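Structural features, examined
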Amino acid sequence: MSIQARGFAVAGLAILLSTAGGPAMAAETRPLRVMSLDQCGDQYALALAPQAELALSPRADDPDSWLREAAAGRRRVRPTLEAAIAFRPDVVVRYWGGDARLLARLEASGVRVVTIEDATGFEAVRGNIRTVSAALDARPGGEALIARMDARLREAAPRTRESGAGAPKRSALYLTAGGFTAGRGTLVDAILRAAGLINAAPMPGFAPVSVERIALSPPAWFVLGFFDQPRGDWRGPGRHPVVRTAARDRIAARLPAAALTCPAWFAADAAAMLKASA
């Protein structure tokens, strides 16, 4: 886009939004307009504002989208300034999507931009739900999501006799098809702990795991993530024949990518799946 065209686009967004009267007036005269800038934002928008006029990201119905069925028939737009001009959102929901120019222009034009934060535990997920639900004027729906999440966490929690002083502690290594694991300070670690497992990752954060290490010192159990995406990392270390041999009869669970792509309430579903499988 030329500098002149970009200038017209920026000015156009300000004019269109100002003529709409801003989010408060717009909400009084028409359904709330919610634009999502990425797949994680799609999940929050679909769950918390299903009656709103939604503009979802192009990945809203991808196989790794938790609410892909709910996205069917919904408008999809690219996360661009031009798309925002055409849609005129009242609220924009995002996790990582949207460049700095778009976000600055939206905020300068009075559009409320709400960002989903990274979460290292379920309390942070509760914070995300409450932040987004407040922005969408959907606090009761947010509390219902939290209650659902907490119920799933109770399902995942080890029974008293399983977690007592004499109960054996099970250790598991989370592994993706790309050969990465997740240690302390990640939501995956919180998922493992919620299901009563000890995380076998040797260091905090996300890190690669070598095929050699797995061959020489395989973990007691594997928890596989993102292996349900056949085209994703199909030559990655996690799919190496040596790893497949080491993991044989040691797979505690296979967690779907859709449960792991976003710091959201369905991380508790991943914990419940893990408990049920393990």
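Below or above, wherever it landed, is the structure these notes cover. (Residues numbered from 1 in each chain as written. Predicted model: local features only at pLDDT ≥ 70, side-chain atom pairs only at ≥ 80, totals over all residues. Heavy atoms only, no water.)

1. Section: the packing of aromatic side chains
- Applying the stated criterion to the full structure yields three aromatic pairs.
- Relative to tryptophan 265, the ring of tyrosine 44 lies with its centre 5.3 Å away and its plane at 85 degrees, an arrangement referred to as edge-to-face. On the criterion of sequence distance, the pair formed by tyrosine 44 in helix 3 (residues 39–48) and tryptophan 265 in the loop between strand 11 (251–255) and helix 12 (267–277) is long-range, its members being 221 residues apart. Comparing tyrosine 44 with tryptophan 265, the two get one shared label, buried.
- Linked through ring pairs, Tyr44, Trp66, Trp265 and Phe266 together constitute an aromatic cluster. (Phe/Tyr/Trp six-rings, centres within 6.5 Å; stacked < 30°, edge-to-face > 60°. Helix = DSSP H or I, 4+ residues; strand = E, 2+ residues; numbered from the N terminus. Buried < 20%, exposed > 50% of the residue type's maximum accessible area, 1.4 Å probe, protein only.)

2. Examining the environment of aspartate 118
- Relative to the helices and strands, aspartate 118 resides in the loop between strand 5 (112–115) and helix 6 (122–135).
- Setting aside anything within four residues of it in sequence, one finds aspartate 118 in contact with Tyr95 and Pro263.
- Engagement of the side chain of aspartate 118 in a polar contact is seen with the side chain of tyrosine 95, the distance being 2.3 Å. (Contact = heavy atoms within 4.5 Å. Polar contact = N/O pair within 3.5 Å; in protein donor to acceptor, adjacent residues only side chain to side chain.)

3. Regarding the environment of serine 109
- Relative to the assigned elements, serine 109 resides in the loop between helix 5 (100–108) and strand 5.
- Here the side chain of serine 109 touches arginine 105 through a polar contact of 2.8 Å, landing on its backbone oxygen.

4. Observations concerning the nonpolar core
- Counting 56 residues, the largest nonpolar core has Tyr44, Val93, Phe122, Leu136, Val223 and Leu274 as the members making the most contacts within it.
- Apart from the residues within four sequence positions on either side, leucine 136 is in contact with Leu32, Val34, Tyr44, Leu48, Ala49, Val91 and Val93.
- Within the second largest apolar cluster, 15 residues are counted, among which are Leu37, Val77, Phe87 and Leu103. (Core = buried A, V, L, I, M, F, W, Y, C linked by side-chain atoms within 4.5 Å.)

5. Thoughts on helix 9 (residues 187–194)
- Within helix 9, seven of the eight residues are buried, which leaves it mostly tucked inside the rest of the structure.
- Residues Leu187, Val188, Asp189, Ala190, Ile191, Leu192 and Ala194 constitute the buried set of helix 9.
- Directly beyond the C-terminal end of helix 9, a positive phi value near 85 degrees is found at glycine 196.

6. Observations regarding the sheet that holds strand 6 (residues 170–176)
- Spatially, four strands are ordered 8-6-10-11 in an open sheet, and the strand pairing comes out parallel. Strands at the two margins of the open sheet, each flanked by one partner only, are strand 8 (197–199) and strand 11. Between one strand and the next, the sheet's axes are offset by a mean angle of 30 degrees, whatever the strand orientation.
- Pairing of strand 10 (residues 222–225) with strand 11, which is carried by four bridges, proceeds in the parallel orientation. Each bridged residue has a counterpart across the sheet, and for valine 223 the counterpart in strand 11 is alanine 253.
- In the packing of helix 12 onto the sheet, contacts are made with strand 8, strand 10 and strand 11, and the angle to strand 11 comes to roughly 150 degrees. (Pairing = 2+ DSSP bridges. Axes fitted to C-alpha atoms, helices over the stretch in contact; angles between N-to-C directions.)

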